[in-house]
Each structure stands twice: as C-alpha cells, then as structure tokens.
Amino acid sequence: MSKTLLIKNARVLVTMDNARREFAGGAVFVRDNVIEQVGPTDDLPQAADEVIDASGHVVIPGLVNTHHHMYQSLTRVIPAAQDGELFNWLTNLYPVWANLTGEMIHVSTLTAMAELILSGCTTSSDHLYIYPNDCRLDDSIEAAHTIGMRFHAARGAMSVGRSQGGLPPDSVVEAEAAILKDAQRLIETYHDASRHAMQRIVVAPCSPFSVSRDLMKEAALLARSHGVSLHTHLAENASDIAYSREKFNMTPAEYAEDCGWVGHDVWHAHCVQLDDAGIHLFARTGTGVAHCPCSNMRLASGIAPVRKMVDAGVPVGLGVDGSASNDGAHMLGEVRQAMLLQRVGFGPDAMTARQALELATLGGAKVLNRDDIGSIAPGMSADIVMFKLDGVGFAGALHDPVAALVFCTPANVNHSVINGKVVVKDGVLRTVDLPVVLERHHRLAEALALKAA
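Residues numbered from 1 in each chain as written. Predicted model: local features only at pLDDT ≥ 70, side-chain atom pairs only at ≥ 80, totals over all residues. Heavy atoms only, no water.

- By the naming in an unreviewed UniProt entry, the protein goes by 8-oxoguanine deaminase and is assigned to Telluria antibiotica.
- Its UniProt record gives the protein a comment under Sequence similarities (unreviewed entry), which states: "Belongs to the metallo-dependent hydrolases superfamily. ATZ/TRZ family." (UniProt positions renumbered as here; feature names shortened; annotations may be inferred.)

## Quick word on the overall build of the protein
For step 1, the next point in the chain: Assigned secondary structure in the protein consists of 14 helices and 17 strands.
For step 2, the next point in the chain: By principal-axis analysis of the C-alpha atoms, the protein measures approximately 65 × 45 × 45 Å.
For step 3, the next point in the chain: Burial status across the protein gives 61% buried among its 453 residues.
For step 4, the next point in the chain: Element-wise, carbon and sulfur atoms account for 52% of the exposed surface of the protein, whose accessible area totals about 16,300 Å². (Helix = DSSP H or I, 4+ residues; strand = E, 2+ residues; numbered from the N terminus. Buried < 20%, exposed > 50% of the residue type's maximum accessible area, 1.4 Å probe, protein only. Areas by Shrake-Rupley, 256 points an atom, 1.4 Å probe, with all protein chains shown as cover.)

## What about the packing of helix α2 (residues 102-118) against helix α14 (residues 434-452)?
For step 1, the next point in the chain: Close contact between α2 and α14 brings their axes to 9 Å; oriented N to C, the two are set at 130°. By the criterion of interaxial angle, the relationship of α2 to α14 is oblique. With respect to the hand of their crossing, α2 and α14 are arranged in left-handed fashion. For the pair α2 and α14, contact is made by Glu103, Met104, His106, Val107, Ser108, Leu110, Thr111, Ala114 and Leu118 and by Leu434, Val437, Leu438, Arg440, His441, Leu444 and Leu448, respectively.
For step 2, the next point in the chain: For the contact of α2 with α14, the class distribution of residues is 10 nonpolar, 4 polar and 2 charged. (Axes fitted to C-alpha atoms, helices over the stretch in contact; angles between N-to-C directions. Parallel < 35°, antiparallel > 145°, perpendicular 65-115°, else oblique. Left-handed = near helix turned anticlockwise from the far one by under 90°. Contact = heavy atoms within 4.5 Å. Nonpolar A, V, L, I, M, F, W, Y, C, P; charged D, E, K, R; others polar.)

## Topic: the pairing of strand β11 (residues 266-270)
For step 1, the next point in the chain: Along β11, 5 of the 5 residues are buried, which leaves the element largely enclosed by surrounding structure.
For step 2, the next point in the chain: Here strand β10 (residues 229-234) runs beside β11; their pairing, made up of 5 bridges, is parallel. In the strand pairing of β11, Leu234 is matched with His270.
For step 3, the next point in the chain: Note: β11 against strand β12 (residues 288-291), 3 bridges, orientation parallel. (Pairing = 2+ DSSP bridges.)

## Considerations on the UniProt feature "domain: Amidohydrolase-related" (unreviewed entry) in the protein
For step 1, the next point in the chain: Within this numbering scheme, the UniProt entry marks residues 58-423 as carrying the feature "domain: Amidohydrolase-related" (unreviewed entry).
For step 2, the next point in the chain: Regarding residues 58-423, the helix share stands at 40% and the strand share at 16%, and the terminal C-alpha atoms are separated by 17 Å.

## Quick look at the environment of Ile52
For step 1, the next point in the chain: If you trace the backbone, Ile52 turns up in strand β4 (residues 50-53).
For step 2, the next point in the chain: Spatially, the C-alpha atom of Ile52 lies 8.9 Å from that of Asn9, the residues being 43 residues apart in sequence.
For step 3, the next point in the chain: For Ile52, the contacting residues outside a window of four places in its chain are Leu5, Leu6, Ile7, Lys8, Met386, His415, Val417 and Val422.

## Some remarks on α14
For step 1, the next point in the chain: Helix length check: α14 (19 residues) gives 27 Å between terminal C-alpha atoms against 27 Å at 1.5 Å per residue, within 8%.
For step 2, the next point in the chain: Restricting attention to buried positions, one finds in α14 the residues Leu434, Val437, His441, Leu444, Ala445 and Leu448. The arc enclosing the buried residues of α14, seen along the axis, measures out at 105°, which places them on a common side. Projecting away from the buried face of α14 at angles above 90 degrees are the exposed residues Pro435, Val436, His442 and Leu450.
For step 3, the next point in the chain: Those residues of α14 that are buried lie in contact with α1 (86-97) and α2. (Expected span 1.5 Å × (residues − 1). Arc of directions from axis to C-beta.)

## A short note on the environment of Arg440
For step 1, the next point in the chain: Structurally, the position occupied by Arg440 is in helix α14.
For step 2, the next point in the chain: We classify Arg440 as partly exposed; its relative accessible area is 29%.
For step 3, the next point in the chain: A sequence separation of 341 residues divides Arg440 from Asn99, and the C-alpha atoms of the two residues are 17 Å apart.
For step 4, the next point in the chain: Setting aside residues no more than four positions away along its own chain, Arg440 makes contact with Glu103, His106 and Val107.

Now the structure itself:
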C-alpha cells in the first residue's frame, strides 16, 4: 500500500526544475519515494498520510556531495597535518590511517553522514581508498543503509608505494589483481542501476601518483563492462602537475584521456590546476568535476576555475572532501564557500547564490550521472530539505530568503526527507542515536591517535 507525504506552505520552494521555478507558499506531494506534484499549496492535495508544515522555511532539493573521505572524520586537526600542502599532508597522515579498522570505517561513516544530512545533504559519494587490517567498503555501505542516506560508494585503491615511485608507503598499498577482484565483487553484490536507487558502486583508483597506468586502464574497462561510474583525484595542485609531467610526460588531463578516463561516466575531484585544453576536453566529453573549495583553501592548492568550467559546459558539482583536509563537512557551508571563492579569484560577478546552489543540486546529480535527483519536480526522487529562517543569523535577510540561505551563516536543516522518508524532524536525526554514535567515534579517534603516537 502506498504512503503519501505533503510538504506545504513553504516560505519559498526552490524547484531547480527546467524553468528554475520558485514558489512562494509552495508545496510538494510525494507518493512513496517519488515526487508526484509540485506547486502552490492551494493547488495540491490538502491531505496525506504525513504532513509537514513548512511555514517560514526555504525548501530546496536535497544537496549532493560528490567527493568525500568519510574515514577522515577520525583524524581532524591532527597536529602533524594542520599545515602543509597536499603531498606533505598525505605523508604525515598515511601512517595514522594504516591503523584503521573495520569498526572505525563503520562509525566514521555514520558520523560523517550524520553531519552531511544535518547540513542539507541527501546523496553522497565516498571515496575509500585505504584498506588496512580488516577494513572493507562493505563497512561504509552498511552504515549508509542504517542512517538512510543515498550513497555512491567508491571502491578506491592505492597500488604504487614509495618503493615503486609512488607517494604512499608500501604498507598501505594493495595488489592490483586483488583490487579489481574486490571491485567486481562489490558491483555484483551492491550496485543498483535502477532509477531512484539508494546504493551504487563506483570504481575509483585513488590518484595518478598512487596507482599504475595499467590499473587506471583496467579499472575503466571493468567499470564500463558493468555500467558503473569512475572517479579519481586529478590536477589538485602544482605538485600533482609536476608529478604527471615527470612520470608520464603529460598533463593530468592528457593522462586521463590516455587511460580512457573521460566521458559522462567519469568525474574527477578537485581539478584546481586544470588547464584550458583540459577544460575543453572535459566539456567535449561530458567529464565531470567535483569542486572542493574548503579543502582547496585548507591545503593552499589554489582556486579552481569553476566559472570557466561551467561556461565551457563542464559538469561541476560540489564536494566537502575529507574531514582531515576540510575539518568540516557542511554541504550548505560548501555552497557558500564555492560562491565566495569564485569571487575572490575571478571577480564579484563570478558566481551568484543561486548558481552556487545549482552546483550542489543539479550539478552534483549530473556529475554522479543521475537524472532522478537534484530537483523538485514530478517523477524525481523525493529528496527534499527544509531550512527554517527564524534564527538570528538570518535577521534582516528575508527580502530574498533563497540568497540568504547561501550568503548568511550556514544553517542546519529543520527537516530532511530522503527517498520519501523523513530522516530529520525538527532538527533531530531520527535514524540513529547520534550522541551514542559520537561517543563511540570519539573513543575510536582517540585510540587511533594514541596508536600513531
């Protein structure tokens, strides 16, 4: 028997539909996990099995996080990694991460997803590329199922250690045959290609400086034979560019193309140093980019030319990146920083509030190769978040509530609906006992730091 949900009386309902309509006094009618009707409250059914009065709220599509390393929530603000650029940061953290366990992966994923959900995120990718001890991607997948987040689980990998000219220590790399075998197992066990799927698998070798050319090419063949997406890091900073030129005599974009890593089924994280030729290549092939402004600032990687990418036609979404290179995972906060950073780099007109919000909704959906999320429209997945604007942080800003959501201090959601289910009600996450999760997370983080010391 179907179940219905009505969200009504929104101060503003932001649809992100083809016409980018916004409804004052808007409403959404949901049947099971799919949006059925959208429009002014008076035009929609007045009753449902569950009703949320969104008076005073801005209602928007659930935000889409296209790049994360959720296990890193255990290693925020590690003293040895508070300063320094990407390669230095990684070198200091690899030995800490070598002590991760399956329990740590599970609990850190719950914690990271709770933070994301409360910040307005309903769909997230996670790039887990380190598998010491008993760690498995299954630990993350089980956590996503428990908390109720729409999840693209990326089977990352590192196979080239220092002894072979890579960056990671040999102790944290895997054999390439084992990597490919496990990726195939995960696809066959968990991947759901259907519309409105809650769970998808991504094939995701970590980066050009931690895997071989052979693995990049074999990973692309494996992914395409099963119809799943591909993800990696690319062109993150100047050292990344130098490594690519020295090892492959190519720019990162040229190397990606050489390995078969361009197309609508591929997205690359960062691309801070992507050159004009790379931008045109990505636009021509529909290759996506996960823009991570907070992380790029934290590691002084530079300012990604997002305005130029979007104008050229490159699909761009937002990512919070790992909680050890951002130290926060607030999706709405990432939207704000994306807007501000483009203005710092390219002028006050480089990005508007609504354009930044579009990156985090429709942009993220396109990057993840999905046509069922990112907007509030009939036939779309029922992923809807509501922000209440009665706090002091929005005082004086209500003449444009949608812009206020981006310009003002980032707020947490008051209500969140994922796949038609109310996951957050009145600011409280309903699917897990968050204080219990956080206490366990704190103990595990402390144990990990002590072992590293």
